[in-house]
Amino acid sequence: YLNERQAPSNHQSNLKDLEVRSITETLFNEVIKCEEVSHDLKFNLEYAVLCFDAGKVLHQLNDLNGALTMFNKALVINEKAFGKLHMSIVVLCSKIGYVLKEMGDYDTSLKMFEKALFIRGNILGKDHSDNTQSYNIIGLVMHKKGDLDGALEMHKKALFIIETRHGKNHKSSAVFYNNIGLLLKEKGDLDGSISMHKIALVINKTFFGLNNHHTASSYHHIGSVMRQKGDLEGALQMYKKSLSIREKVLGKDDIKTVNVRKCISRLQAGLVE
């Protein structure tokens, strides 16, 4: 849910796009060459690596169908070479799941992420920290499908693993408290939502400090729930704290800074009225 990365400038984007397209052309030449010289691609791991790399580049170029084709080819070869319970299968299932999620095929995407979770659990154990990655993305896909209860269960499972293995105040916990808070807000449990976001705020302040975008996001989320509860004064206070941090960390013209400034303006207009 949290996405604090700033968008690159147009100049950076154009340069990156040219570099990626050049890499893509090189990779596809290698893929074609491999197809021409190999009589049996089923166990050709070099070909699988090329397909995987091509899939990553195509995904970056937003060629989702092309990326899906390449990842599926790599998956077939890796399953034949290593069997179905191998970490390379986890990686490929996850890559396919992300592509399908972006394509809007949430049902198939969910199946791929669940397959990755099953394999990872069998190899590493059901309570391994890495399983939280699968629980998190499964929760996100369930949310996209409108299954709020299912999503909530996934994020709670991830949080349970983190707290069991690392204690209640681990920095990774903040993400899941935040996700749970957002889901509870959507379900209408506003008090529960605020409680979750406040815990996330404490953890973020402890590990990242006051002047950090994670801390700013926690303030913003608390303000949003307070506003929905009708506590406009409390919401305004939270938004102002978020704004102060974002102006320092992200700059006054960043989209997140601009958005919180708009929230404050609308709130102030409502209070005056």
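Residues numbered from 1 in each chain as written. Predicted model: local features only at pLDDT ≥ 70, side-chain atom pairs only at ≥ 80, totals over all residues. Heavy atoms only, no water.

1. Re the overall build of the protein chain
Heads up, the condition is: For the purposes of this entry, the term helix denotes a DSSP run of H or I that reaches at least four residues, the term strand denotes a run of E that reaches at least two, and both are numbered from the N terminus. Exposure classes here rest on a 1.4 Å probe applied to the protein chains alone. A residue is buried below 20% of its type maximum, exposed above 50%, and partly exposed in between. Whether two residues are in contact is decided by their heavy atoms, any of which lying within 4.5 Å being enough.
Secondary structure summary: the protein chain contains 12 helices and zero strands in total. In sequence order, the secondary structure elements of the protein chain are arranged as α-α-α-α-α-α-α-α-α-α-α-α. Within the protein chain, the proportion of its 273 residues that are buried is 44%. Long-range contacts, defined here as pairs at least 24 residues apart, represent 56% of the contacts in the protein chain between residues at least 6 apart.

2. A short note on helix α10 (residues 213-229)
Under the convention used in this document: Here a helix's expected span is defined as the number of its residues, less one, multiplied by 1.5 Å. Here a polar contact is recorded for every N or O atom pair within 3.5 Å, except that within protein the pair must consist of a potential hydrogen donor and a potential acceptor, and residues adjacent in sequence are included only if both atoms are side-chain atoms.
For α10, which comprises 17 residues, the first-to-last C-alpha distance of 24 Å matches the rise-based estimate of 24 Å (1.5 Å per residue) to within 8%. Summarising burial for α10: 12 of the 17 residues are buried, a large majority. Turning to α10, its buried residues number three or more, namely Thr215, Ala216, Ser217, Ser218, Tyr219, His220, His221, Ile222, Gly223, Ser224, Val225 and Met226. One side-chain oxygen at the N-terminal end of α10 lies 2.8 Å from the backbone nitrogen of His214; it belongs to Asn212. Positioned one or two residues after α10, Gly230 has a phi angle of 95°, which is positive.

3. Considerations on the layout of surface pockets
Under the convention used in this document: Grid spacing is 1 Å over the protein atoms alone, the probe is 1.4 Å, and a cavity is where that probe fits but cannot get out, while a pocket is an open set with protein on both sides within 12 Å along at least five of seven lines and lining residues have an atom within 4 Å of a point. Grid points are joined across faces, edges and corners, and a volume is the space filled by probe spheres set on the points. We call Asp, Glu, Lys and Arg charged. Ala, Val, Leu, Ile, Met, Phe, Trp, Tyr, Cys and Pro are nonpolar, and the rest, Gly among them, are polar.
Put simply, the second largest pocket is a space of about 150 Å³. Forming the boundary of the second largest pocket are Val90, Val91, Ser94, Lys95, Tyr98, Phe113, Arg120, Gln133, Ser134 and Ile137. Secondary structure elements with two or more residues in the lining of the second largest pocket: α4 (87-103), α5 (106-124) and α6 (131-145). Tallied by class, the residues present in the lining of the second largest pocket amount to five nonpolar, three polar and two charged.

4. What to know about the packing of aromatic side chains
Which entries qualify depends on this criterion: Note on ring pairs: Phe, Tyr and Trp rings are taken, using the six-membered ring of Trp, and paired if centres are within 6.5 Å. Classes follow the plane angle, with under 30 degrees stacked, over 60 edge-to-face and the rest tilted.
Across all of its chains, the model carries two aromatic pairs by this definition. Centre to centre, the rings of Tyr98 and Phe113 are 5.1 Å apart; their planes meet at 80°, and the pair counts as edge-to-face. With Tyr98 in helix α4 and Phe113 in helix α5, this pair connects stretches of sequence that are 15 residues apart. Judged by its relative accessible area of 2%, Phe113 falls in the buried class.

5. Overview of the nonpolar core
To keep things clear, this is the line we draw: Nonpolar cores are built from buried Ala, Val, Leu, Ile, Met, Phe, Trp, Tyr and Cys residues. Side-chain atoms within 4.5 Å join them into one set.
Among the nonpolar cores identified, the biggest contains 26 residues, and Tyr135, Ile138, Met142, Tyr177 and Ile180 are the most heavily contacted of them. The set of elements that each furnish at least two residues to this core consists of α5, α6, α7 (148-166), α8 (173-187) and α9 (190-208). Element by element, the count of residues in this core is highest for α7, at eight residues. The residues touching Tyr135, leaving out its near neighbours within four places in the chain, are Leu117, Met154, Lys157, Ala158 and Ile161. Membership of the second largest hydrophobic core comes to 24 residues, among which are Ala54, Ala67, Leu68 and Met112.

6. What to know about the environment of Lys240
By secondary structure assignment, the location of Lys240 is in helix α11 (residues 232-249). Residue classification places Lys240 among the partly exposed residues on the basis of a relative accessible area of 43%. Between the alpha carbons of Lys240 and His220 there is a distance of 8.7 Å; along the sequence they are 20 residues apart. Once residues lying within four places of it in the same chain are set aside, the contact partners of Lys240 are Ile264 and Gln268.

7. Here we look at the pattern of salt bridges
How we decide: Here a salt bridge means any side-chain nitrogen of Lys or Arg lying within 4 Å of a carboxyl oxygen belonging to Asp or Glu.
For the structure on display, the rule yields nine salt bridges. Residue Lys187 is joined to Asp149 by a salt bridge in which the shortest nitrogen-to-oxygen separation is 2.6 Å. Taken as a pair, Lys187 in helix α8 and Asp149 in helix α7 lie far apart in primary sequence, 38 residues in all. The salt bridge involving Glu163 is made with Lys168; its shortest N-O contact spans 3.6 Å.

8. Examining the packing of helix α2 (residues 45-60) against α4
Put simply, the rule reads: The axes are straight lines fitted to the C-alpha atoms, using for helices just the contacting stretch, and the angles between their N-to-C directions are given from 0 to 180°. These descriptions rest on fixed angle ranges, namely under 35 degrees for roughly parallel, over 145 for roughly antiparallel, 65 to 115 for roughly perpendicular, and the rest for oblique. Two helices crossing with the near one rotated counterclockwise from the far one by less than a right angle form a left-handed crossing, whereas a clockwise rotation gives a right-handed crossing.
At a minimum axis separation of 12 Å, α2 and α4 run at an interaxial angle of 25°. As judged from the angle between their axes, α2 and α4 are roughly parallel. Along this stretch, α2 crosses α4, giving a crossing that reads as left-handed. Across from Phe52, Lys56 and His59 in α2, the residues of α4 making contact are Val91, Leu92, Lys95, Tyr98, Val99 and Glu102. A class-by-class count of the residues in the contact of α2 with α4 yields five nonpolar, one polar and three charged.

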